[in-house]
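Reading the structure
Here is what each chain is made of, one letter per residue.
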Amino acid sequence: MSESRGAKTTRTGPGVQEQEIPGLHVQPELEDGRRNRGLWIDAWRDLRRRPLFVIPAIIMLVYAVMALWPALFTGIDPLARGSCDLTRSLVTPSREHWFGFDLQGCDNYARTIYGAKISMAIGFSVITSALVVALIFGSIAGYYGGRLDTLIARLTDVVFALPFILGAIVIVSALRDSEFLGMKAAVDGALARGFFNLWFAAVLLGWPTMLRMVRSAVLQNKEADYVEAARALGASDFRIILRHILPNSIASVMVIATISVGGIIVAEAALSFLGVGIQQPNISWGLMISESQRRITTHPHLLIFPGAFLSVLAFSFIAMGDALRDALDPKLR
Amino acid sequence: MGRYLIRRVLQFIPVFIGATFLIYALVFALPGDPIRALGGDKPLSNSVVAALEDRYNLNDPLLIQYGKYIGVVPDDKRGFSGILQGDLGENFRGRQVADIVSERLPVTVKLATTAFVFEIILGLIAGILAGLRRGGFLDNLVLVSTVAVISIPSLVTGFLAQIVFGVELRWLPVSGIQSGWTSYVMPGIVLASLSLAYIARLTRTSLVENLRADYVRTATAKGLTRGRVVGVHTLRNSLIPVVTFLAVDLGGLMGGAIITETIFNLPGLGRAVYNAIFAQEGTTVVGIVSFLVFVYMTANLIVDFAYAALDPRIRYE
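Residues numbered from 1 in each chain as written. Chains lettered and ligands numbered in written order. Predicted model: local features only at pLDDT ≥ 70, side-chain atom pairs only at ≥ 80, totals over all residues.

1. Digging into the overall build of chain A
Helix and strand counts for chain A stand at twelve helices and zero strands. Its helices and strands taken in sequence order, chain A reads α-α-α-α-α-α-α-α-α-α-α-α from the N to the C terminus. (Helix = DSSP H or I, 4+ residues; strand = E, 2+ residues; numbered from the N terminus.)

2. What about the packing of helix H1 (residues 2-28) of chain B against helix H4 (residues 62-70) of chain B?
Residue and element names in this part refer to chain B. The interhelical angle for the contact between H1 and H4, taken along N-to-C directions, is 125°, at an axis separation of 11 Å. In terms of axis orientation, H1 runs oblique to H4. Handedness of the crossing formed by H1 with H4: right-handed. Residues Ile-17, Thr-20, Phe-21, Tyr-24, Ala-25 and Phe-28 of H1 pack against Leu-62, Tyr-66, Tyr-69 and Ile-70 of H4. (Axes fitted to C-alpha atoms, helices over the stretch in contact; angles between N-to-C directions. Parallel < 35°, antiparallel > 145°, perpendicular 65-115°, else oblique. Left-handed = near helix turned anticlockwise from the far one by under 90°. Contact = placed C-beta atoms within 7 Å.)

3. Re the interface of chain A and chain B
With 35 residues of chain A at the interface, the matching set in chain B holds 40 residues. At the level of secondary structure, the elements contributing two or more residues to the side of chain A that touches chain B comprise helix H5 (146-161), helix H6 (164-174), helix H10 (237-274) and helix H12 (301-328) of chain A. Here the side of chain A that touches chain B gets nine residues from one element, more than from any other, and that element is H12(A). Each residue belonging to the side of chain A that touches chain B can be placed in one class, and the counts come to 25 nonpolar, five polar and five charged. (Nonpolar A, V, L, I, M, F, W, Y, C, P; charged D, E, K, R; others polar.)

4. Overview of the domain arrangement of chain B
Residues and elements named next belong to chain B. Here chain B is described as being made up of domain 1 (2-85) and domain 2 (98-310). Across the contact, 16 residues belong to domain 1 and 13 residues belong to domain 2. Counting only elements with at least two residues in the side of domain 1 that touches domain 2, the list comes to H1 and helix H2 (34-38). The dominant element in the side of domain 1 that touches domain 2, judged by the number of residues it contributes, is H1, at eleven residues. Per-class residue counts for the side of domain 1 that touches domain 2 are 13 nonpolar, two polar and one charged. (Domains from an automatic or database assignment.)

5. Brief notes about helix H9 (residues 214-221) of chain B
Little of H9(B) is tucked away, with zero of its eight residues classed as buried. Just beyond H9(B), the residue with positive phi is Gly223(B), at close to 95°. (Buried ≥ 20, exposed ≤ 12 C-beta atoms within 10 Å, placed from the backbone.)

6. Brief notes about the environment of Phe317(A)
Residues and elements named next belong to chain A. With respect to the helices and strands, the residue Phe-317 is situated in helix H12. A sequence separation of 28 residues divides Phe-317 from Ile-289, and the C-alpha atoms of the two residues are 21 Å apart. Setting aside chain neighbours within four positions, we find Phe-317 in contact with Met-60, Thr-258, Ile-259, Val-261 and Gly-262.

7. A short note on the nonpolar core
Ranked by internal contacts, the top residues of the largest apolar core, which has 167 residues, are Ala168(A), Ile169(A), Val170(A), Met210(A), Ala270(A) and Val273(B). Residue-level mapping places this core at the junction of two domains, with at least three residues from each of domain 1 (2-85) and domain 2 (98-310) of chain B. With residues up to four places along the chain from it excluded, the contact list for Ala168(A) reads Ala201(A), Ala202(A), Leu205(A) and Leu271(A). (Core = buried A, V, L, I, M, F, W, Y, C linked by C-beta atoms within 7 Å.)

8. Here's the deal with helix H5 (residues 97-132) of chain B
Two residues of an α-helix separated by three or four positions point the same way, owing to the 3.6 residues in each turn. The terminal C-alpha atoms of H5(B) lie 49 Å apart, and with 36 residues this matches the ideal 52 Å at 1.5 Å per residue to within 8%. Helix geometry: H5(B) is bent most strongly at Arg104(B), by close to 40°, with proline Pro106(B) lying one to four residues after it. (Expected span 1.5 Å × (residues − 1). Bend = angle between axes of the 7 residues up to and from the residue.)

9. Re the confidence of the model for chain A
All names here are of chain A. Model confidence for chain A is summarised by a mean pLDDT of 82, while 87% of its residues fall at 70 or above. Per-element averaging of pLDDT across chain A places helix H1 (residues 16-19) at the bottom with 40 and helix H4 (residues 108-144) at the top with 92. Within the model, the stretch residues 1-34 combines pLDDT values under 50 with 33 contacts to residues more than four positions away or in other chains. (pLDDT = per-residue confidence, 0-100.)

10. Quick word on the environment of Glu291(A)
All names here are of chain A. The residue Glu-291 is located in helix H11 (residues 285-292) in this model. The class of Glu-291 is partly exposed, set by 18 C-beta atoms lying within 10 Å. With twelve residues separating them in the primary sequence, Glu-291 and Leu-303 have C-alpha atoms 8.5 Å apart.

Encoded structure:
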């Protein structure tokens, strides 16, 4: 605790006194690394006492287990042959089957549980991919500046100008028959039909927000004394960016990334609802909501359960991101 | 300032061209043959196909087609005529895309305006109430409820609102636009909910930050009433980021309404694009999306200008 509280002012509110006594805990060789680690340790100490972080984090873990091992939650595999029974079509919730049955007579609870896989997979895969793009090109743009920076800035402007859902519909439709060297078949086979196109469209439209954050954070940090020091010691640009600038720039980006996972999960549902996302017979909450559309007045259970699971998952990511921001940025305490 | 404005306007052009080109190239890559699809079950004769392909420049390479579309390459029949000249082109059925836009635009504008009014009124009130009593009950209520509103997708809120207010309580029409402006109330609120929550939080954060500023302390020390300190000094400064967000959001509301339009069966621009993609009406897709991009970018441009003019602390070289 004591060493991590040294140079970086993360805990106390105004933070004025602490900034003026950096000499107290200076450890020259490792200062950069420790400061950074200290920030995250401090943030963690703060986060684990916040109910608005702990509860969403637990919910998120439950969903992760649900996505990886759905059989732990339900004995019925809704994709297996013979698991649906047309005589039970649209049966409303009962004590044995809490969530009722859908039009095909499939158990709605089992289907809702199996829907977690797609949401978690699309949320994490899109954000990690977009984050990688943003970190690479954002640090290049921020660090080197000049024409490359202008070019990247105009590219982000172009993508920003496109409305997300409409743009995604056009991209997914245009890619309908493309094969991506067999990658698409492999990904879609492993996860769900339509997954690859959805991922591609979301990454293509999703990187600019994070890139701008990385770029501005790099711009802020690149004139810092410790970067000058590293440069004077002969560190290469690559090392300066990777070891010195990025660790100090990543906090704000992580906040946006966490929140965006929730946004992507919602976007998946919206696109599947519109028919350009995950395709039948795979299960996605957006598809389930789309199927419920014609019967919401007579059989609202078809809408409410996938809708609630979707909302709670999106809520956890957004609330976690919020709590993370408060913990990393003490200005608003 | 003058140079900044000029540079900003000059940046507008390549970005607009880039965005329209991206959409054009994607639509160009759409699988299937739109001309043959026109005939339905009866195959079109080759001469008809050839004539139509010639008319819509479908045999040119992508760049030439695009050049003719935006009006920098002369078309054989119409000369320089494209979106840069204000011509959105015509679809494969010979209808002007501009007509489709002017037919659908009123629905989208009414929806966006309704949403906009709701988010300004409710968002600002919630944000100000929360910001003035930071850490109090109202503040926490607003914080938690905004996270809830942000998390529940419009897919879910839209249908729930239909069940509760349309079918059960019968307060508002369930869908369609037959009942005049009341048709737009429910979709407007559903569309506004996300931005409404953002505005509430933005107003709150900005107000909290500004209430701590030195000039507020000075104003209080001068003996001004709390109402004047907050109303005149703090609010005016706190609202700058909110106004920025609002203007950008108005552009976003126009293009982002496709889910709401689908749920409530409103024949707006979003639906028109959606239908056009599946009918392989490339020109309609590109025309409408270009129009939306233009609206969005113009909103952004105006914000930047207003920002530069309103806030004297911001200086541009």
